[in-house]
Amino acid sequence: MTPHAPESHDAPWWRHAVIYQVYPRSFADADGDGVGDLPGITSRLPYLADLGVDAIWISPFYVSPMADAGYDVADYRDIDPLFGSLADADTLLERAHELGIRVLIDLVPNHTSDEHVWFQAALDAGPGSAERERYLFREGRGEDGAEPPNNWKSIFGGRAWSRVTEADGSPGQWYLHLFDDKQPDLNWEHPEVIEEFHSILRFWLDRGVDGFRVDVAHSLVKDPELPDWDERAVMAGAAEAEAIHANLGPMWDQEGVHEIYRGWRKVLDSYNPDGDPTQDRILCAEAWLPTQRRTMRYVRPDEMHQAFNFHFLETAWRPTDLREIIDASLEAADEVGAPTTWVLSNHDVVRHASRLGLPIGARRPNGIGREDDQPNAVLGLQRARAATALMLALPGSAYLYNGEELGLPDHTALPDDVRQDPAYLRTKDTDEVETGRDGCRVPVPWEAAAPSYGFGPGEHTWLPQPEIYGALALDRQDGVSGSTLELYRAMLRLRREHDLGVGGLTWLTELGGVEVGEQVLAFVNARQDGTPLTVVTNLGDEPVALPEDAEILLASGRLEDGRLPQDTTVWLG
Ligand code: GLC
């Protein structure tokens, strides 16, 4: 019953780091325009140091027309004025490093913005030009090329192809965009594309970043035949893939992507020639794939360092499912020698405080609208706290999403006319409306009584905040025993003190001499030469007796006469 052995205390930082995702639009607004910015992030770094995170990952801050909230990059070597300047980025990096926080940035290699100089040059240069070779331009099918080159659909709804108008005003070629039409896909068979991204990596490594989160890492290479694909193309993890019978399409997970990342790894490793484990710069893959094994191919020793564990995020709140996914994650990562990662929330999914308040086993929505069945907020938060306490006791690296330490739910009643997600905008007038991801991207509340709950000096925020964000604001939880914020602080402190990130995991079959029931998860996380920590999560409706001699280090919720109630996790010393 030992699925994972402990690692050395000196293991490289990224094998056990807690990495906090900052969504720059929504974290902190220094200039009062209603959108978060880099000076805002810098001003809150002491808070993050105190929270106890090892690193931050900042979603895109580059020059962008913001058709997909910055995941449409027009200039990879500069900051969008909305967020600040390169000097602000340098200050942020410097301050973070002073505080002992590493910084990962978001790299978007699958597509550029249509406003990127390369795409503009491609439009100007016309069919057959070298400029068009950097993207996936093709002639249309049918009479006058009026039909797209194949039947692929965009992930955000509608077609994955758009037709351009050539310089002489005639309808021209088509270009591929797996996402919005303002996000043309690059041609990764082109040596200039490879070179350009090596140069972009160096640009930011030279400025001192500690690594990159790689956007849609599994999509860069497409089947060269660009064959028709009748299924819906989705960014699907296991649960989703099963629900819609999606297979891997010719746009995902092609063998050629791995060569690209081997090249990137060499660039990163050249910044740490002595192999000092504290100096590693890292790559983390965002790759939504149906199986753990496929995902782990991105973190073989000469490729990336980490890949997001979306399988864990998608697992239903049931003891057998959780246990199976924990075992499978550890096993698949151990096979390639990579660390496991864990994640419950990010800017693309319904926050887990809301998601876990939906009926167990229901299909995971990508957003919740005011007309939809609303999550049970109390239950959602209780489970979210129990789930995070389970997650942060597991060995490996863990990702947190800004605001989850306050127990923030999604805004589940946003008016449709404020929605900005292209997935909503592209489908709102169709039969398959996607609510979109705006609900998890609402600005973070810092002070209950201040304008915009302390997000910035102004009243206005780019997405409206729900009233509950006032009650959950940071200043309402700071120093308050039992608050979600204090729970996160305690978890991160104990995780560090007990080296949980490099511990070994052993499942328990009994607790204090009593057999562990089917509805209970119980394991020991033990470091190589330290005191083991016992973790128990109760998912059943019968409270569970805890061993009498156990010291309760932490509990995600109130105990009932010393017993562990449903949807609660404890850490025992
Ligand atoms: C990734 C990002 C998502 C973005 C998409 C296209 O999945 O996380 O926010 O919309 O890629 O770049």
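Located above this text is the structure these notes cover.
Remember, predicted model here, so these are calculated numbers, not experimental data.

## Focus on the pattern of salt bridges
On inspection of all chains with the given rule, the structure shows 39 salt bridges. One salt bridge connects arginine 213 with aspartate 106, and the closest N-O pair in it is separated by 3.0 Å. A residue pair is termed long-range when its members are at least 10 positions apart, and arginine 213 in strand β9 (residues 211-214) and aspartate 106 in strand β5 (residues 102-107) qualify at 107 residues. Overall, arginine 213 belongs to the buried group, its relative accessible area being 2%. Take aspartate 106: its relative accessible area is 0%, and that puts it in the buried class. Residue aspartate 215 is joined to arginine 213 by a salt bridge in which the shortest nitrogen-to-oxygen separation is 2.8 Å. It is possible to trace a salt-bridge network through shared partners that takes in Asp68, Asp348, Asp421, Arg437 and Arg441.

## Regarding the site of the ligand
Surrounding the ligand, one finds 14 residues, the nearest of these being Asp68, Asp215, Glu286, His347 and Asp348. The contact in question runs from an oxygen atom of the ligand to an N or O atom on the side chain of arginine 213, over 2.9 Å. Within the side chain of histidine 347, a nitrogen or oxygen atom sits 2.9 Å from an oxygen atom of the ligand. Against a free-state accessible area of 310 Å², the protein chains account for coverage of 99% of the ligand. Along the lines of polarity and charge, the residues of the shell around the ligand split into four nonpolar, three polar and seven charged.

## Description of the nonpolar core
Counting 138 residues, the largest nonpolar core has Leu48, Ile56, Phe212 and Trp571 as the members making the most contacts within it. Aside from chain neighbours lying at most four places away, what touches leucine 48 is Tyr20, Val22, Phe27, Val53, Ile56 and Ile101.

Calculation rules
Residues numbered from 1 in each chain as written. Predicted model: local features only at pLDDT ≥ 70, side-chain atom pairs only at ≥ 80, totals over all residues. Heavy atoms only, no water. Salt bridge = Lys/Arg side-chain N within 4 Å of Asp/Glu carboxyl O. Helix = DSSP H or I, 4+ residues; strand = E, 2+ residues; numbered from the N terminus. Buried < 20%, exposed > 50% of the residue type's maximum accessible area, 1.4 Å probe, protein only. Near = heavy atom within 4 Å. Polar contact = N/O pair within 3.5 Å; in protein donor to acceptor, adjacent residues only side chain to side chain. Areas by Shrake-Rupley, 256 points an atom, 1.4 Å probe, with all protein chains shown as cover. Nonpolar A, V, L, I, M, F, W, Y, C, P; charged D, E, K, R; others polar. Core = buried A, V, L, I, M, F, W, Y, C linked by side-chain atoms within 4.5 Å. Contact = heavy atoms within 4.5 Å.

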